[in-house]
Amino acid sequence: AQSVSQHNHHVILSEAASLELGCNYSYGGTVNLFWYVQYPGQHLQLLLKYFSGDPLVKGIKGFEAEFIKSKFSFNLRKPSVQWSDTAEYFCAVNLPWNYGGSQGNLIFGKGTKLSVKP
Amino acid sequence: KAGVTQTPRYLIKTRGQQVTLSCSPISGHRSVSWYQQTPGQGLQFLFEYFSETQRNKGNFPGRFSGRQFSNSRSEMNVSTLELGDSALYLCASSLEASGYEQYFGPGTRLTVT
């Protein structure tokens, strides 16, 4: 089975600190990559996506992610976090349409809870 | 454009009962996927429907079933509920079957007592 690993279960930062959340996936072929965010009490929202091209992608609210193919990684970064960034962050990998696995085409990591102290 | 809607938002059922959850995708989206979210297991894939056909099915028992209608609306059904079925059930829609980002609804919080 394919997998997505998020290295940190819970990250606690102070406001203005820099953020980097790790994400690694196991599939060896071409993939599309996503980061989703779930704010407390809200539904999952797309933060950013990578399909092809520039491996450094920018998303909403100042977030960016870098795709490093050789490392099967798609790490999320933000230079300066705010209290309002407190949320759970999910990395997801979209496998090819004909993959047909029981995991579905969009495989999620377990999520990283980010707590930002004001 | 209206987002993905799910009904009901909250549900309390008793062991052994059955439940039907509904999902209306974003207008124009033809693919609907269902996930179960729990604190311990995270997001687990249940099934995906595209043009009324089930494309993929996750590793859940046969008590979990679903369908998609011609207007792309989808329902999932869980029969003979167990305590372990308590979870947040999420529906996501996307434009096509794969390779496109999925947009999630608010979920249905199911509690089985």
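The structure reproduced in this document is the subject of the present report. What you see is a predicted model; the values in this text were computed from it and never measured.

1. Digging into the interface of chain B and chain A
Item 1. If you look at the interface, chain B gives 22 residues, while chain A gives 23 residues.
Item 2. Buried area between chain B and chain A, summed over both chains or domains, comes out near 1,800 Å², and the portion from carbon and sulfur atoms is 49%.
Item 3. Counting across the interface, chain B meets chain A through 1 salt bridge.
Item 4. Notably, a salt bridge pairs K49(A) with E101(B), separated by 2.5 Å at the nearest N-O pair.
Item 5. Across the side of chain B that touches chain A, the residue classes tally to 8 nonpolar, 10 polar and 4 charged.

2. Some details on the layout of surface pockets
Item 1. Of the voids in this model, the largest pocket is the one considered here, and its volume is about 620 Å³.
Item 2. For the lining of the largest pocket, the elements supplying multiple residues, two or more each, are strand 10 (87-94) and strand 12 (112-117) of chain A together with strand 4 (31-38) and strand 9 (87-94) of chain B.
Item 3. Residues belonging to the lining of the largest pocket are distributed by class as follows: 10 nonpolar, 12 polar and 5 charged.

3. Some remarks on the packing of aromatic side chains
Item 1. In the structure shown here, the tally under the stated rule is 15 aromatic pairs over all chains.
Item 2. Judged by centre distance (5.6 Å) and plane angle (75°), the rings of Y25(A) and F72(A) are edge-to-face. Linking Y25(A) in strand 4 (residues 23-25) with F72(A) in the loop between strand 8 (64-68) and strand 9 (73-78), this pair joins segments that are 47 residues apart in sequence.
Item 3. Taken together, a centroid distance of 5.6 Å and an interplanar angle of 40° make the contact between Y35(B) and F104(B) tilted. Here Y35(B) is found in strand 4, whereas its partner F104(B) is found in strand 10 (residues 103-104), with 69 residues between them in sequence.

4. Here we look at the pairing of strand 8 of chain A
Residue and element names in this part refer to chain A.
Item 1. Taken together, the 3 bridges between strand 7 (residues 56-58) and strand 8 define a ladder with antiparallel strand orientation. Bridge assignment links V57 to a residue of strand 8, and that residue is A65.
Item 2. Counting the residues between successive antiparallel strands, the hairpin from strand 7 to strand 8 contains 5 residues, one of them, K61, with a positive phi of roughly 55°.
Item 3. Hairpin connection, strand 8 to strand 9: the antiparallel pair is bridged by 4 residues, and F72 has positive phi, about 50°.

5. Structural notes on the sheet that holds strand 1 (residues 5-7) of chain B
All names here are of chain B.
Item 1. Ordered in space as 1-3-8-7, the 4 strands form an open sheet in which the pairing is antiparallel. What marks the edges here is a single partner per strand, and that holds for strand 1 and strand 7 (64-68). Strand after strand, the sheet turns through a mean of 20° between neighbouring axes, direction not considered.
Item 2. Here strand 7 runs beside strand 8 (residues 74-78); their pairing, made up of 5 bridges, is antiparallel.

What counts and what doesn't
- Residues numbered from 1 in each chain as written.
- Chains lettered and ligands numbered in written order.
- Predicted model: local features only at pLDDT ≥ 70, side-chain atom pairs only at ≥ 80, totals over all residues.
- Heavy atoms only, no water.
- Contact = heavy atoms within 4.5 Å.
- Buried area = accessible area lost by both parts, 1.4 Å probe.
- Salt bridge = Lys/Arg side-chain N within 4 Å of Asp/Glu carboxyl O.
- Nonpolar A, V, L, I, M, F, W, Y, C, P; charged D, E, K, R; others polar.
- 1 Å grid on protein atoms, 1.4 Å probe; cavity = no way out; pocket = protein on both sides within 12 Å on 5 of 7 lines; lining within 4 Å.
- Points joined across faces, edges and corners; volume = space filled by probe spheres on them.
- Helix = DSSP H or I, 4+ residues; strand = E, 2+ residues; numbered from the N terminus.
- Phe/Tyr/Trp six-rings, centres within 6.5 Å; stacked < 30°, edge-to-face > 60°.
- Pairing = 2+ DSSP bridges.
- Axes fitted to C-alpha atoms, helices over the stretch in contact; angles between N-to-C directions.

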